[in-house]
Amino acid sequence: ENTTITGNLLFDHRGYNFYGYNTELFNDSVPVINEDSLRQNTYRTGFDIGVASTYTDSTHLNYNVKVHYDYFWDKFKNNENNIRVYAGLDKNFNGLQTGLDLSIDHTSLNATPDSLKNTIVSVKPWISKRNRDWMFLLGLEVVSDNADISKFYLFPHASLDIIIIENVLVPYIGLSGELEKNSY
């Protein structure tokens, strides 16, 4: 009754045709280029599943849990597995909405000429308050990037929205940061 379950299936195919080459790389003569080497196909398949509370009363403990998995591969047998788990909790305490967001993002890449495993763990506590004229949010995200060497980062999150006409005219100011993962 107060829970929503979501899901999604994913399949993506992309085809590329590459044209041209750098003739300065060849000292003697330009080799014959096979037409098959000009084409590349990539594929991605995966799924999302989630469960979240839908309480309209802000005094309840709200939760949101999502799992995402995808698998990428190409014709050269490069592949990448990625699984992300996100969990969020929030509750109203004396007019302040307080929350905690957690995420784990694990990637395993098997590619020519290199392979890599990486796990990013994020913990983000936050507080927020809102009335009919404004809304603010303050938080701090602690991120651990665990590949060959573990690195830790701190990212502030702050925003102030001034509500002039709700959902139409809401100027805002904010400061935030994030660790952005590069992958296929």
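Structural data are supplied above this passage.
Per the stated rule, a full pass over the model turns up four salt bridges. A salt bridge links K181 to D105, with the nearest nitrogen and oxygen atoms 3.0 Å apart. One end of the pair, K181, is in the segment after strand 9 (172–176); the other, D105, is in strand 5 (residues 96–110), with 76 residues separating them in the sequence. Take D105: its relative accessible area is 12%, and that puts it in the buried class. The salt bridge partner of E166 is R130, with a shortest N-O separation of 2.9 Å. Of this pair, E166 sits in the loop between strand 8 (150–162) and strand 9 while R130 sits in strand 6 (residues 115–130), and the two are 36 residues apart along the sequence.

This part takes up the pairing of strand 5. Strand direction decides the pairing type here: strand 4 (residues 79–93) and strand 5, joined by 15 bridges, are antiparallel. Considered in strand 5, the bridge of F93 is made with L96. In this structure, the hairpin formed by strand 4 and strand 5 is closed by a connection of two residues, where N94 is found at a positive phi of approximately 50°. When strand 5 meets strand 6, the two strands line up antiparallel, connected through 14 bridges. Paired with D105 across the strands is I120, a residue of strand 6. In sequence, strand 5 turns back onto strand 6 through a hairpin of four residues.

Per the stated rule, a full pass over the model turns up six aromatic pairs. Residues Y43 and W73 carry aromatic rings whose centres are separated by 5.2 Å and whose planes lie at 20° to one another, so their mutual orientation is stacked. Of the two residues, Y43 sits in strand 2 (residues 39–53) while W73 sits in strand 3 (residues 62–74), which places them 30 residues apart along the sequence. On the basis of relative accessibility, which here comes to 28%, the residue W73 falls in the partly exposed class. Note on F47 and Y69: the rings are 6.0 Å apart at their centroids and 35° apart in plane angle, and the pair reads as tilted. Of the two residues, F47 is situated in strand 2 and Y69 in strand 3; the sequence distance between them amounts to 22 residues. The class of F47 is partly exposed, set by a relative accessible area of 34%. In this structure an aromatic cluster arises from ring pairing among F11, Y43, Y71 and W73.

As summarised here, the arrangement of the nine strands in space is 1-2-3-4-5-6-7-8-9, forming an open sheet in which the pairing is antiparallel. Strand pairing shows two members of the sheet lacking a second neighbour, strand 1 (3–17) and strand 9, which therefore form its edges. Taken pair by pair, the neighbouring strands of this sheet meet at an average axis angle of 10°, ignoring direction.

The rules behind each value
- Here the residue numbers are simple positions, counted from 1 along each chain's written sequence.
- Local features are withheld for residues below a pLDDT of 70 in this predicted model, meaning they are given only at 70 or higher, and side-chain atom pairs are given and counted only at 80 or more; totals for whole chains, interfaces and linings count all residues.
- Only hydrogens and water are removed before side-chain values are computed, so all heavy atoms of the structure are retained for them.
- Salt bridge criterion: a side-chain nitrogen from Lys or Arg within 4 Å of a carboxyl oxygen from Asp or Glu.
- Working definition: helices are DSSP H or I runs of at least four residues, strands are E runs of at least two. Numbering for both runs from the N terminus.
- The buried label goes to any residue with under 20% of its type's maximum accessible area, the exposed label to any with over 50%, and the partly exposed label to all in between, with areas taken from a 1.4 Å probe on protein chains only.
- Here, any two strands with at least 2 DSSP bridges between them count as paired.
- Note on ring pairs: Phe, Tyr and Trp rings are taken, using the six-membered ring of Trp, and paired if centres are within 6.5 Å. Classes follow the plane angle, with under 30 degrees stacked, over 60 edge-to-face and the rest tilted.
- Each axis is a line fitted through C-alpha atoms, and for a helix only the stretch in contact is used; angles between axes span 0 to 180 degrees, taken between their N-to-C directions.

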